[in-house]
Amino acid sequence: NLPSSKKFRFAYIDESTPNYSRGKSNIFLCLHGVPTYSYLYRKIIPVLLASNKYHSNGVRVIAPDFIGWGRSDKPLNPDAHKFK
């Protein structure tokens, strides 16, 4: 199940190191532009996860696909996800 908003499902990548601890570890939020999607970060995510070896606090990387892009739902009505 993907998280949803207004009946649209969001796809995302959520990776973490085994020692990730909520509230204590670093979190990287990778947001894409238009017209790209989370695939843009396919080579960066492993590097961010590997940064754990320098501080050993754990790392989490989240890369969402915005509605209308990547693996997220693409509404048929363009007004549902246009920029205003």
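An account of the accompanying structure is given in this report.

Calculation rules
Residues numbered from 1 in each chain as written. Predicted model: local features only at pLDDT ≥ 70, side-chain atom pairs only at ≥ 80, totals over all residues. Heavy atoms only, no water. Helix = DSSP H or I, 4+ residues; strand = E, 2+ residues; numbered from the N terminus. Contact = heavy atoms within 4.5 Å. Areas by Shrake-Rupley, 256 points an atom, 1.4 Å probe, with all protein chains shown as cover. Pairing = 2+ DSSP bridges. Axes fitted to C-alpha atoms, helices over the stretch in contact; angles between N-to-C directions. Patch = residues over 30% accessible without salt bridge, like charges linked within 9 Å, V, L, I, M, F, W, Y side chains within 5 Å. Salt bridge = Lys/Arg side-chain N within 4 Å of Asp/Glu carboxyl O.

### Digging into the overall build of the protein
Working step 1: Looking only at helices and strands, the protein features two helices and five strands.
Working step 2: Of the contacts made within the protein by residues no fewer than 6 positions apart, 70% connect residues no fewer than 24 positions apart.
Working step 3: Total accessible area on the protein stands at roughly 6200 Å², and carbon and sulfur atoms take up 56% of it.

### Some details on the sheet that holds strand β3 (residues 11-16)
Working step 1: On the basis of which strands lie adjacent, the open sheet formed by three strands has the order β3-β5-β4 and mixed pairing. Edge positions in the sheet fall to β3 and β4 (26-29), since each has one partner strand and no second. The average angle at which neighbouring strand axes cross in this sheet is 15°, direction not considered.
Working step 2: Of the pairings in the sheet, the one linking β3 to strand β5 (residues 59-65) comprises six bridges and is antiparallel in character. Of the residues in β5, the one forming a bridge with Glu15 is Val61.

### Quick word on unusual backbone geometry
Working step 1: A positive phi angle, near 55°, is found at Ser56, a position not held by glycine.
Working step 2: Along the chain, Ser56 turns up in the loop between α2 (52-55) and β5.

### Section: a nonpolar patch on the surface
Working step 1: On the surface, Leu29, Leu31 and Phe66 cluster together into a nonpolar patch covering about 270 Å² of accessible area.
Working step 2: With respect to the helices, strands and loops of the structure, Leu29 is situated in strand β4.

### Observations concerning the pattern of salt bridges
Working step 1: Considering all chains together, one arrives at three salt bridges under this definition.
Working step 2: With its nearest N and O atoms 3.4 Å apart, the salt bridge here joins Arg9 to Asp73. On the criterion of sequence distance, the pair formed by Arg9 in strand β2 (residues 8-9) and Asp73 in the segment after β5 is long-range, its members being 64 residues apart.
Working step 3: Where Arg71 meets Asp65, a salt bridge forms, and the shortest distance between an N and an O atom there is 3.9 Å.

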